[in-house]
Amino acid sequence: MDLRDYIADIPDFPREGIVFKDITPLFLDAQALRESIAQLRDYAEPLNVDLVVSAEARGFMLGGAVAAKIGAGFIPARKPGKLPRETNSVEYVLEYGVDALEVHKDALAGGARVLVHDDLLATGGTAAALCELVEQAGAVVAGCAFVVELAFLNGRERLAPHDVHSLIVYEDE
């Protein structure tokens, strides 16, 4: 199954000049959704992951499913002010602005092996922020997994030395 067939290009979103890679068609097709989860599981299982951390909001959709499939816990990384208890926070730069992510302070423990997951790897800002949150807590980034990677934006380089796995890679715009 070619998962690329389930990604829609949306020109000029969220602003002019950006071609947004929409993964919601993948979510609409039960077989494509199952295949995506299976491929992410196949990557994550050998990593002996204790926890999966995913960014709000599209990262949640597959991150929780992958965590359940590999027998790991799931940590939602949310926008500031969305979590009810004490948090750790990190700011990061997006292709089109600055944002921040938070996790509950007690969610990550030293030594835990963590899979960082998001729907898309572009410049690597969001994933690098997730890695920073994991490492600030003394946990270990076991790997980084994505559905889509825009390789021409060099996000993989920003995540070095962490292992990066993407189901679909776009080499050029």
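Whatever comes next refers back to the structure up there.
Residues numbered from 1 in each chain as written. Predicted model: local features only at pLDDT ≥ 70, side-chain atom pairs only at ≥ 80, totals over all residues. Heavy atoms only, no water.

J.: In this structure, what is going on with the overall build of the protein chain? I would like to understand it.
T.: Along the protein chain, the regular secondary structure elements total five helices and nine strands. Going from the N terminus to the C terminus, the protein chain shows its helices and strands as β-β-α-α-β-α-β-β-β-β-α-β-α-β. Scaling as 2.2 N^0.38, a compact globule of 173 residues should have a C-alpha radius of gyration of about 16 Å, and the protein chain matches this with 15 Å. Once the C-alpha set of the protein chain is aligned to its principal axes, its extents read approximately 40 × 35 × 30 Å. Taken over 173 residues, the protein chain has a buried fraction of 47%. Put simply, the protein chain shows about 8,300 Å² of open surface, and 48% of that area lies on carbon and sulfur atoms. Here the protein chain contributes 15 positive and 28 negative side-chain charges, whose respective centroids are spaced 5 Å apart. (Helix = DSSP H or I, 4+ residues; strand = E, 2+ residues; numbered from the N terminus. Rg over C-alpha atoms; globule rule 2.2 N^0.38 Å. Buried < 20%, exposed > 50% of the residue type's maximum accessible area, 1.4 Å probe, protein only. Areas by Shrake-Rupley, 256 points an atom, 1.4 Å probe, with all protein chains shown as cover. Lys, Arg positive; Asp, Glu negative; His and termini not counted. Charge placed at Lys NZ, Arg CZ, Asp CG, Glu CD.)

J.: I'm lost on the pattern of salt bridges in this one. Help?
T.: Oppositely charged side chains may form a pair once their charged atoms are brought near each other. Throughout the structure, instances matching the rule amount to eight salt bridges. The shortest N-O distance in the salt bridge between Lys-21 and Asp-9 comes to 2.7 Å. Of this pair, Lys-21 sits in strand β2 (residues 19-22) while Asp-9 sits in strand β1 (residues 8-11), placing them 12 residues apart in sequence. Taking relative accessible area as the criterion, Asp-9 reaches 45% and is therefore assigned partly exposed. In this structure, Asp-99 and Lys-79 form a salt bridge, with 2.6 Å as the shortest nitrogen-oxygen distance. Placement of the pair is Asp-99 in strand β6 (residues 97-104) and Lys-79 in the loop between β4 (73-77) and β5 (87-94), with a sequence separation of 20 residues. (Salt bridge = Lys/Arg side-chain N within 4 Å of Asp/Glu carboxyl O.)

J.: What's the story with the pairing of β4 in this structure? I'm lost.
T.: As a general feature of sheets, a regular strand has side chains that alternate between the two faces. As judged from the five bridges shared by strand β3 (residues 51-55) and β4, these two strands associate in the parallel manner. Each residue of the ladder has a partner; that of Ser-54, found in β4, is Pro-76. Taking the sense of rotation as the criterion, the β-α-β connection linking β3, helix α3 (residues 58-70) and β4 turns out right-handed. (Pairing = 2+ DSSP bridges. Right-handed = clockwise from strand over helix to strand, strands pointing away.)

J.: Would you mind going over helix α4 (residues 125-136) with me for this structure?
T.: Each turn of an α-helix holds 3.6 residues, which means side chains three or four residues apart point in the same direction. Here α4 contains 12 residues, and its C-alpha end-to-end distance of 16 Å stays within 8% of the 16 Å for a straight helix at 1.5 Å per residue. Among the residues of α4, those classed as buried are Gly-125, Thr-126, Ala-127, Ala-129, Leu-130, Cys-131, Leu-133 and Val-134. Once α4 finishes, Gly-138 follows within two positions and takes phi at roughly 85°, a positive value. (Expected span 1.5 Å × (residues − 1).)

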